[in-house]
Amino acid sequence: MTDDHDDYVSAGYTGALEPGRRAALVVVDPVNAYVDPACGLYAGVEEPVERMRELTAAARVAGVHVAVTTMALSADGSNAGVFFRKVPALAAYLPGTSTGAFIEGLAPVDGDTLVPKQYPSAFFGTSLAADLVARGVDTLFIAGLSTSGCVRATATDAMQHGFVPIVVREAVGDRLPSVHEANLFDIQAKIGEVWGIDRVLALWSAA
């Protein structure tokens with residue numbers, strides 16, 4: 001990984017982003033499918049889920065606005081179009097399934113923003129960007145599942161909408177450690193920042 005890092009530095013992937021004046025936290029798709037071993041989407045992410053709970057609780061205490069996303073599918077999944085056809089495992093999100101329900105402790109509460117979506121990014125086809133702009137948000141901390149899919153897509157679109165994206169390392173997860181780490185590396189190099197949870201909590205506490 002050191003050689004890879006040096007290669008990226010020599011190529012000019014050296015930019016750094018700092019948080020702005022007002023932050024929000026988006027928790028991407030924290031649903032039972034990823035922690036239910038009987039579900040095809042199970043990803044062994046119990047530890048990141050604990051960190052998501054810690055991070056979400058800290059955000060609310062610090063006055064950092066929280067948005068929580070979920071896949072909101074029609075009964076046949078057709079409103080997710082090609083995405084549903086490509087990933088049949090998304091049937092775990094179909095209406096009425098227990099696997100599509102929020103993980104205990106990660107459901108949105110009064111004052112949070114619920115973001116129903118049909119595609120990987122929390123921004124695509126949703127009102128999230130407008131909601132954040134209306135709140136004066138310029139920085140988006142990102143947690144959730146999974147690193148290589150909806151987290152990465154959300155970080156990319158956050159950047160493309162002009163928000164500073166900061167992915168919280170311990171509070172995201174994926175089914176394969178190699179894929180998880182590769183995507184964090186690439187997010188850091190090309191899209192935004194990847195911070196440890198202790199750094200995030202210290203920032204919020206100081207604020």
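Here the structure is a predicted model, which means the values were calculated and not measured. (Residues numbered from 1 in each chain as written. Predicted model: local features only at pLDDT ≥ 70, side-chain atom pairs only at ≥ 80, totals over all residues. Heavy atoms only, no water.)

Chemist: Help me understand the environment of Val172, please; the structure alone is not making it clear to me.
Modeler: Examined against the element boundaries, Val172 turns out to sit in strand β5 (residues 164–173). Sequence spacing of Val172 and Val45 is 127 residues, and the spatial spacing of their C-alpha atoms is 8.2 Å. When near neighbours in sequence (up to four residues on either side) are disregarded, Val172 contacts Pro48, Ile142, Ala143, Gly144, Thr147, Val151, Val167, His180 and Leu184. (Helix = DSSP H or I, 4+ residues; strand = E, 2+ residues; numbered from the N terminus. Contact = heavy atoms within 4.5 Å.)

Chemist: Explanation requested: the sheet that holds strand β1 (residues 23–28) in the structure shown.
Modeler: The strands making up a sheet associate through backbone hydrogen bonding, with each pair oriented either parallel or antiparallel. Read from one edge of the open sheet, 6 strands run β3-β2-β1-β4-β5-β6, paired in parallel fashion. Of all strands in the sheet, those bounded by a partner on one side alone are β3 (113–117) and β6 (193–195). For this sheet, the mean angle separating the axes of adjacent strands, direction not counted, is 25°. Relative to β5, strand β4 (residues 139–145) runs parallel, the two being bridged by 6 bridges. Counterpart to Gly144 in the pairing with β5 is Val172. Taken strand by strand, helix α2 (residues 46–62) contacts β1, β2 (65–71), β4 and β5, and its axis lies near 135° from that of β5. (Pairing = 2+ DSSP bridges. Axes fitted to C-alpha atoms, helices over the stretch in contact; angles between N-to-C directions.)

Chemist: Is there a simple way to think about the side chain of Ser121 in this case?
Modeler: By secondary structure assignment, the location of Ser121 is in the loop between β3 and α4 (128–134). Side chain to side chain, Ser121 and Asp157 meet in a polar contact 2.7 Å long. If near-sequence neighbours (up to four positions away) are discounted, Ser121 is found in contact with Ala153, Thr154 and Asp157. (Polar contact = N/O pair within 3.5 Å; in protein donor to acceptor, adjacent residues only side chain to side chain.)

Chemist: Quick question: what am I supposed to make of the pairing of β2 here?
Modeler: Note on strand geometry: in a regular strand, side chains alternate between the two faces of the sheet. A large share of β2 lies buried, amounting to 7 of its 7 residues. Residues His65, Ala67, Thr69 and Met71 of β2 are buried on one face, and the alternating residues Val66, Val68 and Thr70, pointing to the opposite face, are buried as well. Two strands pair when backbone bridges link them, and β1 and β2 are joined in this way by 4 bridges, in the parallel orientation. Note on β2: the bridge partner recorded for Ala24 is His65. Taken together, β1, α2 and β2 form a β-α-β motif whose crossover is right-handed. As judged from the 5 bridges shared by β2 and β3, these two strands associate in the parallel manner. Among the inter-strand pairings, Thr69 is bridged to a residue of β3, identified as Val115. (Buried < 20%, exposed > 50% of the residue type's maximum accessible area, 1.4 Å probe, protein only. Right-handed = clockwise from strand over helix to strand, strands pointing away.)

Chemist: Could you clarify how one ought to interpret the side chain of Thr99 in this entry?
Modeler: Looking at the secondary structure, you find Thr99 in the loop between α3 (81–86) and β3. Looking at Thr99, its side chain comes within polar contact range of the main-chain oxygen of Ala92, at 2.7 Å. Residues in contact with Thr99, not counting those within four places in the same chain, are Val31, Asn32, Ala33, Asp36, Cys39 and Ala92.

Chemist: Can you help me understand the nonpolar core in this one?
Modeler: General note: in soluble globular proteins, nonpolar side chains tend to be found buried as a group. In this structure, Leu25, Tyr34, Met52, Leu55, Tyr93, Phe141 and Trp204 are the most contacted members of the largest nonpolar core, which totals 39 residues. For this core, the elements supplying multiple residues, two or more each, are β1, α2, β2, α3, β4, β5 and α7 (197–206). Setting aside residues up to four positions removed in sequence, Leu25 forms contacts with Leu55, Thr56, Ala59, Val64, His65, Val66, Ala67, Leu140, Phe141, Ile142, Ala143 and Trp204. If you look at the next biggest cluster of nonpolar residues, it comprises 24 residues, including Ala67, Ile142, Ala155 and Ile191. (Core = buried A, V, L, I, M, F, W, Y, C linked by side-chain atoms within 4.5 Å.)

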